[in-house]
Amino acid sequence: MSQRHPKSVATDRLELPVAASITIVVVGLSFFLHWKWCGSDMQLSEAIFVTGHEFGLSTYPFSIRPFLAYLIELLTRLFSLEVKTSFFVIQFSLAAAIGLSFYYYLRQLSFSIGWSRLGLFLVLSAYPILAAHIEPMHTRDDLWAHLFVILALHSLLRAKLGTAIIWFILGCFAREETLVFYPIIIVAAGMFCGHLSRRRLVSVLVLPLLIYGSYYVFSWQDTIPSAFSMIQFNFDNPLRTSDTVFSVFMAFGFMWPAALISLRGGDRDRPNHFLNRGVLLTLPITILLILFCARARETRLFFPPFVFMIPLTVMTLQKVYYEIRPRMSTMYRAIIGLGAFALLMTGGIVLGEALFPEFEYRRCPNFQRLWAGIHFGLIFNLALFYTCRRIFVGPANRIEHTGQSTSR
């Protein structure tokens, strides 16, 4: 066994503390955004939370999602906490758990420590997580489902099919929409668990349908609205349409084009193939389901495919970084580059203000417009990079990094 470099050992020892520090900082910023800087559900009274909690315990489909409601019951009885306090303790703890579990999911995908830290920041600063409790987000059981899906995919990447299926079933109990991931679970099992016999694969993969399917059928109530009524609701008037467009865009912001770039040009090793298939199998159906069957202004509903979109985004940012770095070798170029970045970010913020001057139903509108503008600015910078790359850099001279395992 080769001896590891002392610096490498020191870096490994700092891996969890640094990831935890990033998590604490970003989740802390989210907390203050809700508590001090924006109008949010934190400003609602305890009575409203008690009413909402009782509604969730007794009303379908919330009543078949056990984790949040019964953990609130446990905390209020064991520690005499208010329902409101219990709710936010659970939600911000889940956000932190999502961040750390996503970090190790990226590590399992062979991203380096540095790029995994960037992915950790991206997931926690994504609008549906950062502003999870600013209306009309209405985040409740979603964070449980996000966490269980990350853990399921992480287990699949480690070829632990049984563990992955347990996490996936828990994700379905958290939110039934998690079943959207069932096709990619099957595909990933074939990709990463090939050492198992076909009979073993089939017997394990059928468990979600047997266990959760039975529970869902037994608990099912016909409350699904007409699909055409919801698509009409989501585009009923100009302001409603603006809210819907804002919601779709802000689910991922600049990650929409960034992920698409990697999706079109990604390498064909197994992790990349897994991410590409994951996006193709989950993103279109998620968008259609929400537009036709839910209130699209609740941006969180579009977010579940983040487990594929964010790694693809990190891959694009890798390529951008490795091509820009040698071209910023002089102070003059660095100043020009930073100036262009700042100018385009300013333009993006102005565009955010212009495109969304008002909302039909969205609290803290100044923050909403600012955050949209920041993402427009990042898209402008990404577009400028690829435009200049196409014009000024010949294919033979481009710096390509095909060895993803070493560049991640």
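Use the structure listed above.
A few points on the structure. These figures come from a predicted structure and were not determined experimentally. (Residues numbered from 1 in each chain as written. Predicted model: local features only at pLDDT ≥ 70, side-chain atom pairs only at ≥ 80, totals over all residues. Heavy atoms only, no water.)

What to know about the overall build of the protein
At step 1: In terms of regular secondary structure, the protein is built from 19 helices and zero strands.
At step 2: For a compact globule of 408 residues, the expected C-alpha radius of gyration is about 22 Å, and the protein comes in at 22 Å, within 12% of that figure.
At step 3: In terms of its C-alpha atoms, the protein occupies a principal-axis envelope of roughly 65 × 60 × 45 Å.
At step 4: When the 408 residues of the protein are sorted by exposure, 48% land in the buried category.
At step 5: In the protein, 78% of the contacts between residues at least 6 apart in sequence involve partners at least 24 apart.
At step 6: Total accessible area on the protein is roughly 19600 Å²; 67% of this is exposed by carbon and sulfur atoms. (Helix = DSSP H or I, 4+ residues; strand = E, 2+ residues; numbered from the N terminus. Rg over C-alpha atoms; globule rule 2.2 N^0.38 Å. Buried < 20%, exposed > 50% of the residue type's maximum accessible area, 1.4 Å probe, protein only. Contact = heavy atoms within 4.5 Å. Areas by Shrake-Rupley, 256 points an atom, 1.4 Å probe, with all protein chains shown as cover.)

Observations regarding the state of the cysteines
At step 1: Inspection of the entire model under this criterion finds one disulfide.
At step 2: Free cysteine: C172, not disulfide-bonded; nearest cysteine sulfur from C193 at 17 Å.
At step 3: Overall, the relative accessible area of 0% leaves C172 in the buried class. (Disulfide = S-S within 2.5 Å.)

A word on helix 16 (residues 306-324)
At step 1: A rise of 1.5 Å per residue sets the reference length of helix 16, with its 19 residues, at 27 Å; its end C-alpha atoms lie 26 Å apart and thus fit the reference within 8%.
At step 2: The element helix 16 is extensively covered by neighbouring structure, given that 16 of its 19 residues are classed as buried. (Expected span 1.5 Å × (residues − 1).)

Re the nonpolar core
At step 1: Counting residues in each nonpolar core, the largest one holds 115 residues, and the members touching the most others are Y105, F274, F308 and F367.
At step 2: The element that contributes the greatest number of residues to this core is helix 4 (residues 83-108), accounting for 12 residues.
At step 3: In this view, F308 contacts Y105, L153, F181, I184, F274, L275, G278, V279 and T282; residues no more than four positions away in its chain are not counted. (Core = buried A, V, L, I, M, F, W, Y, C linked by side-chain atoms within 4.5 Å.)

Structural notes on the environment of L122
At step 1: The topology assignment puts L122 in helix 5 (residues 113-125).
At step 2: In this structure L122 comes out as buried when scored by relative accessible area, which is 8%.
At step 3: Separated by 188 residues in sequence, L122 and I310 place their C-alpha atoms 7.2 Å apart.
At step 4: Apart from residues lying up to four places away in sequence, L122 is in contact with F254, I310, T313, V314 and L317.

Some remarks on the pattern of salt bridges
At step 1: Applying the stated criterion across every chain yields a total of 13 salt bridges.
At step 2: Between E73 and R77 there is a salt bridge; the shortest N-O distance is 2.9 Å. With E73 and R77 both in helix 3 (residues 66-79) and four residues apart, the pair spans about one turn of that helix.
At step 3: Across the salt bridge formed by R175 and E177, the nearest N and O atoms sit 3.1 Å from each other.
At step 4: With a relative accessible area of 10%, R175 lands in the buried category.
At step 5: Its relative accessible area of 35% is what places E177 among the partly exposed residues.
At step 6: Salt bridges sharing common partners tie together R65, D142, R175, E176, E177, E298 and R300. (Salt bridge = Lys/Arg side-chain N within 4 Å of Asp/Glu carboxyl O.)

Some words on the environment of F49
At step 1: Here F49 shows up in helix 2 (residues 46-58).
At step 2: Here the alpha-carbon distance between F49 and E82, two residues 33 residues apart in the chain, equals 9.0 Å.
At step 3: The contact partners of F49, leaving out residues within four places of it in the chain, are D41, L44, V83, K84, F87 and F88.

Considerations on unusual backbone geometry
At step 1: A cis geometry characterises the amide bond from Y60 onward to P61, with omega recorded as 5 degrees.
At step 2: Positionally, P61 belongs in the loop between helix 2 and helix 3.
At step 3: The omega torsion of the bond from E135 to P136 falls at 10 degrees, within 30 degrees of zero and hence cis.
At step 4: Of note, P136 is situated in the loop between helix 6 (127-130) and helix 7 (142-157).
At step 5: The phi dihedral of S80 is positive, around 55 degrees, even though this residue is not glycine.
At step 6: With respect to the secondary-structure elements, S80 resides in the loop between helix 3 and helix 4.
At step 7: With a phi angle near 65 degrees, A159 is a residue other than glycine that sits in the positive phi range.
At step 8: Summarising the element assignment, A159 is placed in the loop between helix 7 and helix 8 (161-174).
At step 9: Using a relative accessible area of 25% as the deciding quantity, one classes A159 as partly exposed.

Regarding the packing of helix 7 against helix 8
At step 1: Direction vectors running N to C along helix 7 and helix 8 enclose 165 degrees, while the axes themselves pass 8 Å from each other. Comparing their axes, helix 8 and helix 7 come out roughly antiparallel. Between helix 7 and helix 8 lies a crossing whose hand is left-handed. Side by side, helix 7 and helix 8 meet where W144, A145, F148, L151, A152, S155 and L156 of the first sit next to L161, T163, A164, W167, F168, L170, G171 and A174 of the second. (Axes fitted to C-alpha atoms, helices over the stretch in contact; angles between N-to-C directions. Parallel < 35°, antiparallel > 145°, perpendicular 65-115°, else oblique. Left-handed = near helix turned anticlockwise from the far one by under 90°.)

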